[in-house]
Structures are given as structure tokens and as C-alpha cells.
Amino acid sequence: TTTSHFSHVESISKLSAAGKISGVNAVVLGEALASEEDELVFPNDEFSRQALVPSPKKYLEMYKRSVEDPAGFWSDIASQFYWKQKWGRPVFSENFDVRKGNVKIEWFKGGITNICYNCLDRNVESGNADKIAIYWEPNDPGSQDSLTYFQLLQRVCQLANYLKDKGVKKGDAVVIYLPMIMELPIAMLACARIGAVHSVVFAGFSAESLAQRIVDCKPKVVLTCNAVKRGSKVITLKEIVDAALVESAKSGILVDLCLTYENKSAMKRESTKWREGRDVWWQDVVPKYPTTCEVEWVDAEDPLFLLYTSGSTGKPKGVLHTTGGYMVYTATTFKYAFDYKPSDIYWCTADCGWITGHSYVTYGPLLNGATIVVFEGAPNYPDSGRCWDIVDKFKVTIFYTAPTLVRSLMRDGDEYVTRYPRKSLRVLGSVGEPINPSAWRWFFNVVGGSRCPISDTWWQTETGGFMITPLPGAWPQKPGSATFPFFGVQPVIVDEKGAEIEGECSGYLCVKSSWPGAFRTLYGDHERYETTYFKPFPGYYFSGDGCRRDKDGYYWLTGRVDDVINVSGHRIGTAEVESALVSHPQCAEAAVVGIEHEVKGQGIYAFVTLVDGVPYSDELRKSLIHKVRNQIGAFAAPDKVHWAPGLPKTRSGKIMRRILRKIASRQLNELGDTSTLADPNVVEQLIALADR
Ligand code: WT7
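Notes on the structure follow. (Residues numbered from 1 in each chain as written. Predicted model: local features only at pLDDT ≥ 70, side-chain atom pairs only at ≥ 80, totals over all residues. Heavy atoms only, no water.)

**Structural notes on helix H16 (residues 403-412)**
Right, so step 1: In terms of burial, H16 is a largely internal element, seven of the 10 residues being buried.
Right, so step 2: If you check which residues of H16 are buried, you get Pro-403, Thr-404, Leu-405, Val-406, Arg-407, Ser-408 and Leu-409.
Right, so step 3: The inward-facing, buried residues of H16 contact helix H15 (386-394), strand E18 (398-401), strand E19 (427-430), helix H18 (437-447) and strand E30 (601-610). (Buried < 20%, exposed > 50% of the residue type's maximum accessible area, 1.4 Å probe, protein only. Helix = DSSP H or I, 4+ residues; strand = E, 2+ residues; numbered from the N terminus. Contact = heavy atoms within 4.5 Å.)

This is how it looks when you write it as C-alpha cells:
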């Protein structure tokens, strides 16, 4: 039954037909409203008229079909892609209920296709050969680069031929450790072309983290570059790879080919540390290969990529996505959530090292034949106006970013924005964490000049694509709400016991049945897949997020309910940070919690117990933070270290994080019941040491 998804849309239709408030007025009106839930921001009529989904009614029609006849709905869309051989029957099959056996999801099984072919060859052949596929903006302003669809295809083919020549075959893993240069999407597409499974590791991860991922998927080749400039800093990526390969060799994983791109603007090849025999300069070999390359046709259910993400234990999870469903889903979500038109210039500020960069820098947009912007640098370099400089330079129409960047630019002041005309912008997007209403309004009013709808897209590495998202033009938005489910998605809110709650409520966000872009397993650990996502609330996929549904049916994401912290839109497991801290020889125990952070959304707050007799000092604090940077990456460095001679534990030895969270946020009057603690005195002691 899907009735609960429909009522809101009908009420929105009525409101919208009444047409009393529209566009900008609603935001101004909003200031005087009783609660944020009442603030409706209507799309302006001009926008709605040209939108792909122009009304609640149209959405409702499409949504109804997508959940009542998913096979028909998605088959029609899938038919717009190229399939060497059409999928069989059934169009999809799923077991979503662990009680009935192993969880299994399949879409378009038996269909034979290739996602690289659909991104490139299909667009080249349909008249887009000379259309710009990628505009590239380097770290230092003043120059640029670009590739047409035809040129991109040629580059991809050369690399694909090289990899094949080096023995990379269908199903083999390839690790990619690259910054945002064009070679990163090129590398992903080249792997996809030959059926190799890419595992992109964000180039902000440490050697240890990279090694861990290399050991897990045992790649034939690692693709990297010598260095990158971010802002005024040079980061020597190749040295990180060198260290990672030494580390992974200790576990018996030997990688004998490291293809290295010479990123000249950051570092010349002469200064790069080199290992003869293993290391090869990209520019010396790849351009010699032919610019055409046969496609490796794969089954829709053959793996496309692995991407590691954090969970509540120390070990990262290798999220596995397959080809066909992911292709159809990323393309469709991209098109509708951003109201994509062929004339758009699209810029997503995410790095390809995260899922957003997979689905919405590379695959989703290119499948639609879009022109994308790839930006190497930092959004506040040389100053906080850089984004708008880039928007004006390439006439960006769709700008997709994270709330953390919005908040940090908002803090820097409107002048950096208003200095640039930004006339080309028509749709804005937000992802990674809930966007607070005040940041939403600033983004809408100042950046978007009160004329661009904001698609606040809720989704996850695991979901492959958008799950809950506005369709700009279709219905009014509420600042801070991701609004309604995408086609084919049936979200439910459940209570602790796993019972579905209807209407206005809050609880745990789950999904009722599969969608094409869903991940199929955790690499090498299907049991953990079932335990983490399908066992907590049998019959459902559990997202790990809390959620509220308001009286109008709008969804409001309220953040993680597990031991995962969301720092600047990056998911960090508290257990990972703790294990990095305790690997410091002077740290005996650590407990990490999230705290509210003005810019990052959440910050990392670490309580540390030291080895007996070790005094706490500023130096030690720094060296603990350094340890986390080294083990995970700079983005996971604790914002605050709190020396804890003892931690609040129950008599059975369990750390009471509830109390630690209150101490971390200095809500000292709300510590709650501390009588079950083995030693209630530790709380007093912790409070006394809070600002040391
Ligand atoms: C977690 C997934 C998927 C894109 C990047 C992060 C949070 C993501 C939103 C949003 C509220 C959001 C959730 C989710 N999240 N987008 N629009 N509103 N929360 O991917 O690393 O897999 O993290 O990010 O908590 O579970 P990820």
C-alpha cells in the first residue's frame, strides 16, 4: 500500500492551485510563520512551466505508476539506453526480508550493456560528438581545459587499451587514487569500458587507509598522480601511494604496476620519488595506444565499482554497485532532480572519491550527455568568491554542493557572492547532511537570487542515487526538508520495534522495497550487509538515519542514529577514530562523539584516557591528532581532545556515550541518570577537566 505517500501531494496540489503565494514572497512570509514546517517556498510560475515535472499532479501520476508497476516504469526508462541484449524476465527480483532467506536484489538481469558505452559512444553517435563533456578548472585561476564527448571517448579508449594490455580483465579490481583532474573520470570510465571494477579512494585518505582498501580488493593496478595543489598547498600523492604499497605488501598484497600521471602544475617529474619497474609515467605510455577500444559487454548485474564507506565498527565497508540498475537510476535521478536540459552546464563540487562524485559528477550527468565542470582546487582559493567566478566563467546553470560549503561561504559575507552576476544559475542542489533552514535561505536568496529552486537530495553511498529529493518546479519546498520520495522509492518511518508509523511522526528511516540503484552487497561480507542494513528492522532496508514526517507529508532528515558522525558531509565512524587514537602508544582508551559544529555540521570530540603515569600536555594532544590524520586522513582529525582519567562506564564495562555527548556539548544539566555508572565520580572529574 502506498496511500501514505499520496495524501500530501494532493494537499499540495490544492494549495498550489489556490495560487495565493508564490516565489520569493513565501520566503519573506516565512519569517513570520509559527514553525519552519509551515514555510512553503513555491517555485515561480515561469520555472514550473518549463520543468520536466511541472506539477504535483504530474509527479503523482508518475510516482503512482513507479510503485504500482515498477517493472513497467523502469523498463520504459531503461529502453532509452543501449543494450546489446535486452534483459529477461522478471525485470527485477528481490528478497528484502532476511527472515525469508538471504537478501538479494537484481535488476535487468540478463540484459547485456556497458555504462561507458552509454556515457560516451551513445552520445557521440547521437550528434553530441563536439559537445563539451568536461570543462576543467585548475587549482590556480587563469587557465582551463576541456574535452568534447569525442575527445573524452578517445582518451578513455587509450587508457582502456593500456590497462587491457597490462592484463587487466573483466572483474579485476583497479584502485584509483587521484585528485579532481580529468584523468579521474577518464580512469573510472576506462575501467567500466573493459569490465574492470574500480575502487576510487578519495585522495585525502592517508597511506594506512589506502593500504587497507588495497588489501581488501587486491587490485592489479593502482592509478595515481605525482602531486596536486589544493589552495596554496602541494600534496605529494605519489608518496602516499608508495607508503601504502609498502604497507599492503606486509599483508602479502603486491601491486606491480603504479601508473602515475604527471600533474605538472603541482610537481615536475624530476622531483618525484620513483620505483623503477613498478612505476610508469601515464604520459609516456597511454597516448601511444589506439583511440578506439572494443567494449567489454557485461551483464546488468556484473559489478561496476566498489566504494568504501564508514560504519559503526572500525573496518570500512566495501559498498558494491552493479551496472544496469545503477546506470538507469543515476541517469534518471540526475535528470529529474535537477530538471536537466541539454543546454545546461552542470557543476557538482563533490570529489569523485565519494559517492556523489561517482553518481553525480561522472555517471549520471554523462549518461544524459551533459556538460560538466570538474574543479581541481579549493572553493575558497584564492578567495571566497572562487565558486562564483567559476559559475560565471563557464555559465554554470546547475550548481550542486554541500551545506558545509554554503555555511562557510555565508560566514565569509555576501560581498564575495554579489560581486559576481551569477545570471546563468537556475537550479541549486544540496547534499551530504541536513541543510539548516538559515543556510537554505541564504543559499536561495543570496546565491540563487531568489529565483533558483534548491534540490536538497537525501541519499547514501549505499543507495547509489537520490532517494528523497525535491523535483524543482513540481511542488513548493520547505527550507531544510528533502521533501518527497523519488520515483520508485517507498520510504517508511518505523518505531524501535520496527512497526511502520503513518502520518505525522518521527522515527527510523527505512525503505520498503528495492530500487534499481541499490547496492547489492558489501564486498566479501554479505553477512555484514544483512546484519547492518536488513536485520535491525526485518522486512526493510534500514538507512541509519532518523527522520520526521510533518503534517504535509514532507520528510525532514534528522541525522544518523548510529555511531557514525557526519563531518562536512563526510561519514566518519567513531570506532575508526577511536582505533586510530588507541594506536598511539600513550593512549590507553578513547571514546569519540559528535558535537554540533557551526560550519562542518558535526565536529569530532575525543575523550582520551592515557597510559598510567603519562602526563597530559599540549604536545601530546597534538600528537594524538596527528595520529588520526596519519591513520585516516586530515578530514577526520578531532576538533577537540578531552583528557579523561576515567570514562563513564556501566558496571558491565560499557561506555555510556549518552553522558559523554552531554559533556561534550556542555549540556551539564542534562546528564540524566548517572546512578548506573560503575564510578559516578568520573563524571565530576571529566567536567572539571573540560576546558584543559
Ligand atoms: C549520510 C550518507 C549521499 C551523498 C553524500 C553522503 C547524510 C546525505 C543528506 C541530506 C540529510 C543527508 C545522511 C546519510 N545525508 N544527504 N540531503 N539531508 N542528510 O553520502 O557518505 O554515504 O552518507 O549522509 O545521514 O545517511 P554518505
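**Overview of the packing of helix H10 (residues 207-217) against helix H11 (residues 237-250)**
Right, so step 1: Packing of H10 against H11 leaves a shortest axis separation of 8 Å and a crossing angle of 50 degrees. Judged by the angle between their axes, H10 and H11 are oblique. Viewed along their axes, H10 and H11 form a crossing whose handedness is right-handed. Between H10 and H11, the contacting residues are Ala-207, Leu-210, Ala-211, Ile-214 and Val-215 on the first element and Ile-240, Val-241, Ala-243, Ala-244, Leu-245, Glu-247 and Ser-248 on the second.
Right, so step 2: When its residues are assigned to classes, the contact of H10 with H11 shows 10 nonpolar, one polar and one charged. (Axes fitted to C-alpha atoms, helices over the stretch in contact; angles between N-to-C directions. Parallel < 35°, antiparallel > 145°, perpendicular 65-115°, else oblique. Left-handed = near helix turned anticlockwise from the far one by under 90°. Nonpolar A, V, L, I, M, F, W, Y, C, P; charged D, E, K, R; others polar.)

**Regarding the pattern of salt bridges**
Right, so step 1: All told, the structure shown has 45 salt bridges when counted by the stated rule.
Right, so step 2: With a shortest N-O distance of 3.3 Å, Arg-426 and Asp-339 are connected by a salt bridge. One end of the pair, Arg-426, is in the loop between helix H17 (415-418) and E19; the other, Asp-339, is in the loop between helix H13 (324-337) and strand E16 (345-348), and 87 residues separate them in sequence. Residues Arg-426 and Asp-339 agree in their burial class; the two are buried.
Right, so step 3: The partner of Lys-662 in a salt bridge is Glu-670, and the shortest N-O contact between them spans 3.5 Å.
Right, so step 4: Since its relative accessible area comes to 43%, Glu-670 is described here as partly exposed.
Right, so step 5: Counted as one network, the salt bridges with shared partners bring together Lys-238, Asp-242, Arg-278 and Asp-279. (Salt bridge = Lys/Arg side-chain N within 4 Å of Asp/Glu carboxyl O.)

**Observations concerning the layout of surface pockets**
Right, so step 1: The volume enclosed by the second largest pocket comes to roughly 280 Å³.
Right, so step 2: Taken together, 16 residues make up the lining of the second largest pocket; nearest its centre are Trp-136, Asp-145, Tyr-261, Asn-263 and Ser-265.
Right, so step 3: Considering only residue class, the lining of the second largest pocket consists of five nonpolar, four polar and seven charged. (1 Å grid on protein atoms, 1.4 Å probe; cavity = no way out; pocket = protein on both sides within 12 Å on 5 of 7 lines; lining within 4 Å. Points joined across faces, edges and corners; volume = space filled by probe spheres on them.)

**Points about unusual backbone geometry**
Right, so step 1: With an omega of -5 degrees, the peptide bond between Arg-89 and Pro-90 qualifies as cis.
Right, so step 2: With an omega dihedral of -5 degrees, the bond running from Tyr-381 to Pro-382 counts as a cis peptide bond.
Right, so step 3: With respect to the element layout, Pro-382 can be found in the loop between strand E17 (371-375) and H15.
Right, so step 4: The backbone of Lys-218 sits at a positive phi, close to 50 degrees, despite the residue not being glycine.
Right, so step 5: Of note in the backbone geometry, Asp-339 takes a positive phi value of approximately 50 degrees without being a glycine.

**Points about the sheet that holds strand E21 (residues 491-494)**
Right, so step 1: Strand order in the open sheet formed by five strands is E22-E21-E23-E25-E26, with antiparallel pairing between adjacent strands. Each edge of the sheet is formed by a strand with only one pairing partner; in this case those strands are strand E22 (500-501) and strand E26 (555-560). (Pairing = 2+ DSSP bridges.)

**Details of the packing of helix H20 (residues 574-582) against helix H21 (residues 618-631)**
Relative orientation and spacing of two packed helices are given, respectively, by the angle between their axes and the distance between those axes.
Right, so step 1: Close contact between H20 and H21 brings their axes to 8 Å; oriented N to C, the two are set at 120 degrees. One element, H20, and the other, H21, form an angle in the oblique class. H20 and H21 meet at a crossing whose hand is right-handed. Along its contact with H20, which presents Val-577, Ser-579, Ala-580 and Leu-581, the element H21 presents Leu-624, Lys-627, Val-628 and Gln-631.
Right, so step 2: Looking at side-chain class alone, the contact of H20 with H21 contains five nonpolar, two polar and one charged residues.

**Thoughts on the site of the ligand**
Right, so step 1: Near the ligand, the surroundings consist of 17 residues, among which Asp-456, Thr-457, Thr-461, Asp-545 and Arg-571 are the closest.
Right, so step 2: At 3.1 Å from a nitrogen atom of the ligand is found a main-chain nitrogen or oxygen belonging to Gly-432.
Right, so step 3: Glu-433 places a main-chain nitrogen or oxygen 3.4 Å from a nitrogen atom of the ligand.
Right, so step 4: Protein coverage of the free-state accessible area of the ligand, which is 550 Å², stands at 95%. (Near = heavy atom within 4 Å. Polar contact = N/O pair within 3.5 Å; in protein donor to acceptor, adjacent residues only side chain to side chain. Areas by Shrake-Rupley, 256 points an atom, 1.4 Å probe, with all protein chains shown as cover.)

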